[in-house]
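# Structural description and commentary
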Amino acid sequence: MKQNESLRRDVAAIRTQAPLVHNITNFVVMNNTANALLAVGASPVMAHAVEEVEEMVRLAGALVVNVGTLSPEWVCGMERAMHTAREVGVPIVYDPVGAGATAYRNVTNERLLNVAAPTIIRGNGSEIQAVAAGFGLGSTARTKGVDSTAGSEAAVAAACALSERLGAVVVVSGPTDYIVSGNTVRENSYGTPLMTRVTGMGCTATAVCGAFAAVNADAAEAAANAMTLMGRCGEQAALAANGPGSFQVAFLDALYRFEA
Amino acid sequence: MKQNESLRRDVAAIRTQAPLVHNITNFVVMNNTANALLAVGASPVMAHAVEEVEEMVRLAGALVVNVGTLSPEWVCGMERAMHTAREVGVPIVYDPVGAGATAYRNVTNERLLNVAAPTIIRGNGSEIQAVAAGFGLGSTARTKGVDSTAGSEAAVAAACALSERLGAVVVVSGPTDYIVSGNTVRENSYGTPLMTRVTGMGCTATAVCGAFAAVNADAAEAAANAMTLMGRCGEQAALAANGPGSFQVAFLDALYRFEA
Amino acid sequence: MKQNESLRRDVAAIRTQAPLVHNITNFVVMNNTANALLAVGASPVMAHAVEEVEEMVRLAGALVVNVGTLSPEWVCGMERAMHTAREVGVPIVYDPVGAGATAYRNVTNERLLNVAAPTIIRGNGSEIQAVAAGFGLGSTARTKGVDSTAGSEAAVAAACALSERLGAVVVVSGPTDYIVSGNTVRENSYGTPLMTRVTGMGCTATAVCGAFAAVNADAAEAAANAMTLMGRCGEQAALAANGPGSFQVAFLDALYRFEA
């Protein structure tokens, strides 16, 4: 299976290279995402101060920016880091957590995405639609013939429009994940509903995309492999879980034990 | 059993409605409390910036404010959020973590509680006494004939006085929880000592009170049900635990599996 | 065994006295370190605001400062807390996370260590070397005849020089931990490689050093006992673990169940 070989190759590369993944992320998930990155074989660092993000991002294999618990000081750090990452060619993975919920989130997403187009954007359907709407894209965008559920069709259309505008891979995650690169849409239906009962699984997916982007220059393939790893490890973990507590534990173990 | 029916009804309502619980809480417990809210069926969001809390709280079924790791910027966000919540009728649950430990905590508690009287205040005995003292209440308050241990008698008296002053339900948690609404005191002795060896179990109780307050307009009943759920799931988790690590895992599973 | 008796005595003292350990630490590990401190029997508090750290540190048995996710406001709180701790005789344990990675970290380490020499500094080899270099120490320092691996020799030399300069115990942690007090170097080879796949195990070791320093005035013995407890509980946890998720759970259980 072609995707499997690609996934195995990327996981092996992450374990061998242990790429430094620089995260500027939210307070809720910092621990989760650091542990997920360590479990898969990457080397996470969290640093947000404007005083040091430029230097840190220059050391990194990927930059992950997540606006889950944003505030003005943090947005300054994100802006500086994204600008530097773009300048020095470090891939950027962006997570617009809660896009559409408040004007501040929308304004921040527009500001940051105008500083530097990410390599990969990952969000759920409504977040991706909200980000696209900030660029005047969305409901008027053509759908791309994706065999999607009613709810995901508009999100995938928005993702296609956003991908074309920014030149970024856009991941719409949900029961089926859509990995969108311009007109090309890959689907991925791995996973388990328990993943929605654990905080930060989406944020973890974003961080894991960062680990893959650090070792695979084909961003669409990197994103697809990251989402496949998340989904398969989720399925594996669900087998042993009695609920979201034991699921989290088994999920980290599954990432660590994934046979590449 | 009357309380059991009420508890089951509230849990079923939380799972059906998945109320948005807006948390402005401390860095230590954000992950725990988000996971507990998800496990019980609610939808947590964490947002603290003064730039967005007004909008966020208007979307929420309850606002949870916890001053565990406070700083001036966060207090501004809390103040704005509590003011808005009171204005639009969103129930507020308040956790005065560490009240009495420093002047800054005391001043902050007084400031915030004067902005908007919460629907529910939850703390341990010494925290509740410290908050009451800030309103000139406490040691002079009459005890209400509660069959309390020596240590809890003064705390329950302070809770009664504070409840009357603010028109809030006051929960004093400990080996026995006291849920105080004016002159009415309910007791609840579920739980296990292991809960004191896990960080943030009190903060989690506060957040879970938020989920119940979002679906039950009777705040005293909501708080009592939340504390009962915490205590029963704690007892359930203790059966399977070898220590505080496995307890935490089993506790989230028990919240998720609670039969409503 | 002498060390075992000392370790047992310290753990018993922590469980009896439940010393308050005041942490100003990074966002990633706050939950871990609070839980580890609770599991071993100490009482953790996290407070960083310049408005309250002086009061809090006066209540504490030890102050733990960790610069993992630093920013200017937090550094002000750290500075104030360290100054007060030194003034009132509260032991300080310092963790220079990421020293050497950015100029901001280096400048901050120098600033804080000049405010108050810690009782114990704990870091990995490269962090300790970076801190020593900030004081003009390091590669020119004599090695002390330690039977070290190639990589650790320079780190131990830096630790010896730093220990002499600051009058602090310096812990270089790794597969073998070196506890350095002036010219005296203790070694400790407990532990398991799984500890490197869980975020914040080093930060947890630092926090646990705080608990031991709160009950044992012999800082070198306190640090050695803390590192031994970490390593042994790590070995115990590894027996039951399928990966880093289950390891974390078993590690907290092992701290809690350690027979003192």
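Per chain, the residues get numbers from 1 upward, laid out in the order the sequence is written. A letter from A marks each chain and a number from 1 marks each ligand, given out in the order of writing. Thresholds applied to this predicted model are a pLDDT of at least 70 for local features of residues and 80 or more for the giving and counting of side-chain atom pairs; totals over whole chains, interfaces and linings are not thresholded and use all residues. Processing note: side-chain calculations cover all non-hydrogen atoms of the structure and skip hydrogens and water entirely.

## Things to note about the overall build of chain A
Defined as follows: The helix count covers DSSP runs of H or I at least four residues long, the strand count covers runs of E at least two residues long, and both are numbered beginning at the N terminus. When accessible area is computed with a 1.4 Å probe and restricted to protein chains, residues below 20% of their type maximum are described as buried, those above 50% as exposed, and intermediate ones as partly exposed. Any two residues whose heavy atoms approach within 4.5 Å are treated as being in contact. Think of it this way: Lys and Arg go in the positive column, Asp and Glu in the negative one, and His and the chain ends go nowhere. A charged residue contributes its charge at one atom only: NZ of Lys, CZ of Arg, CG of Asp or CD of Glu.
Within chain A one finds ten helices and eight strands. By principal-axis analysis of the C-alpha atoms, chain A measures approximately 45 × 45 × 35 Å. Burial status across chain A gives 65% buried among its 260 residues. For chain A, restricting intrachain contacts to residue pairs at least 6 apart in sequence, the fraction spanning at least 24 positions comes to 72%. Computing the positive centroid from 17 side-chain charges and the negative centroid from 22, chain A places the two 3 Å apart.

## As for the sheet that holds strand β2 (residues 43–46) of chain C
All names here are of chain C. What counts, and what does not: At least two DSSP bridges between two strands are required for those strands to pair. Angles here are taken between N-to-C directions and fall from 0 to 180 degrees, while the axes themselves are lines fitted to C-alpha atoms, restricted in helices to the stretch in contact.
The strand order across the open sheet formed by eight strands is β2-β1-β3-β4-β5-β6-β7-β8, and the pairing between neighbours is mixed. Both edges of this open sheet fall to β2 and β8 (184–188), since each of them pairs with a single strand only. Recorded for the sheet is a direction-independent mean angle of 20° between the axes of neighbouring strands. Relative to β8, strand β7 (residues 177–181) is paired through five bridges, and the arrangement is antiparallel. Residue D177 lies in a different strand from β8, and its bridge partner there is N188. Of the strands in this sheet, β1 (20–24) and β2 are in contact with helix α2 (residues 30–40), which crosses β2 at around 155°. Together, β4 (92–95), β5 (120–124) and β6 (169–173) form the strand contacts of helix α6 (residues 125–134), whose direction differs from that of β5 by roughly 125°.

## Some remarks on the relation of the copies chain B and chain C
The condition is simple: When the copies are superposed, the least-squares fit draws on C-alpha atoms of residues that have pLDDT of at least 70 in both.
Rotating chain B by 120° about the axis while translating it 0.0 Å along that axis superimposes it on chain C, leaving an RMSD of 0.0 Å. Taken together, the rotation and translation describe the operation of a three-fold axis. No C-alpha of chain B approaches the rotation axis more nearly than that of F27(B), which lies at 3.8 Å. A different interface surface on each copy is seen, since only 8% of the contact residues of chain B are contact residues in chain C too.

## Concerning the packing of aromatic side chains
Where we set the bar: Stacked, tilted and edge-to-face are the three classes assigned to paired rings of Phe, Tyr and Trp, where Trp is represented by its six-membered ring and a pair needs centres within 6.5 Å; plane angles under 30 degrees give stacked, over 60 edge-to-face, the rest tilted.
The final tally for this structure, using the stated rule, is twelve aromatic pairs over all chains. Consider the rings of F27(B) and W74(B), whose centres lie 5.0 Å apart with planes at 75°: the pair is edge-to-face. A residue pair is termed long-range when its members are at least 10 positions apart, and F27(B) in the loop between β1 (20–24) and α2 (30–40) and W74(B) in helix α4 (residues 72–88) qualify at 47 residues. Since its relative accessible area comes to 8%, W74(B) is described here as buried. Taken together through their ring pairs, the aromatic side chains of F27(A), W74(A), F27(B), W74(B), F27(C) and W74(C) make up a single cluster.

## Brief notes about the relation of the copies chain A and chain B
Superposing chain A onto chain B takes a rotation of 120° plus a shift of 0.0 Å along the axis, which leaves an RMSD of 0.0 Å. Counting the interface residues of chain A, we find that no more than 8% of their copies in chain B are interface residues as well, pointing to two distinct contact surfaces.

## A few points about the interface of chain B and chain C
The condition that has to hold: Accessible area, probed at 1.4 Å, shrinks when two parts are joined; the buried area is that loss added up over both. Each reported salt bridge corresponds to a side-chain nitrogen of Lys or Arg within 4 Å of a carboxyl oxygen of Asp or Glu. Definition of a polar contact: a pair of N or O atoms within 3.5 Å, with one able to donate and the other able to accept a hydrogen when the atoms are protein atoms, and with sequence-neighbouring residues admitted only if both atoms are side-chain atoms.
Contacts between chain B and chain C engage 26 residues on the former and 24 residues on the latter. Both faces considered, chain B and chain C share a buried interface measuring about 2,100 Å² in area, 59% of it formed by carbon and sulfur atoms. Among the residues chain B hides against chain C, the three largest losses belong to F27(B), V28(B) and R197(B). Together they make up 26% of the total. Where chain B touches chain C, the interface holds one salt bridge. At the surface where chain B touches chain C, the tally comes to eleven residue pairs in polar contact (both at pLDDT 80 or more). Within the residue set of the side of chain B that touches chain C, elements represented by two or more residues are α5 (103–115) and α10 (244–257) of chain B. Here the element with the most residues in the side of chain B that touches chain C is α10(B); it accounts for five residues.

## Topic: the pattern of salt bridges
Across all of its chains, the model carries 21 salt bridges over all chains by this definition. The partner of R80(B) in a salt bridge is E54(B), with the nearest N and O atoms 2.9 Å apart. In this pair, R80(B) is assigned in helix α4 and E54(B) in helix α3 (residues 53–59), connecting sequence segments 26 residues apart. By relative accessible area, which is 37% here, R80(B) ends up partly exposed. Classification of E54(B) by relative accessible area gives partly exposed; the value is 29%. Shared partners join several salt bridges into a network, and the residues in it are R9(A), D10(A) and E221(A).

## Notes on the interface of chain A and chain B
How we decide: Classes in brief: Ala, Val, Leu, Ile, Met, Phe, Trp, Tyr, Cys and Pro nonpolar; Asp, Glu, Lys and Arg charged; the others, Gly included, polar.
Of the residues lining the interface, 26 residues belong to chain A; the matching set on chain B comes to 24 residues. For the pair chain A and chain B, the two sides together bury roughly 2,100 Å², of which 60% comes from carbon and sulfur. Taken together, chain A and chain B are joined by one salt bridge. Note that E52(B) and R105(A) form a salt bridge whose closest N and O atoms lie 2.7 Å from each other. For the side of chain A that touches chain B, the secondary-structure elements that each account for two or more residues are α5 (103–115) and α10 (244–257) of chain A. Element by element, the count of residues in the side of chain A that touches chain B is highest for α10(A), at five residues. Grouping the constituent residues of the side of chain A that touches chain B by class yields twelve nonpolar, twelve polar and two charged.

## Description of a negative patch on the surface
Cut-off, in case you're wondering: Patch rule: a residue counts if its relative accessible area is over 30% and it has no salt bridge; like charges are joined within 9 Å, and nonpolar side chains (Val, Leu, Ile, Met, Phe, Trp, Tyr) within 5 Å. We get accessible surface area from the Shrake-Rupley algorithm with a probe of 1.4 Å; when it comes to residues, only the shown protein chains can shield them.
Taken together, E51(A), E73(A), E51(B), E73(B), E51(C) and E73(C) make up a surface patch of like negative charges. By the secondary structure assignment, E51(A) is in the loop between β2 (43–46) and α3 (53–59). Owing to a relative accessible area of 37%, E51(A) belongs among the partly exposed residues under this scheme.

## Points about α2(C)
Side chains of residues three or four places apart in an α-helix project in the same direction, reflecting 3.6 residues per turn. Residue and element names in this part refer to chain C. Counting buried positions along α2 gives eleven out of eleven residues, so the element sits mostly inside the fold. Residues M30, N31, N32, T33, A34, N35, A36, L37, L38, A39 and V40 constitute the buried set of α2. With its phi angle positive at about 115°, G41 sits one or two positions after the end of α2.

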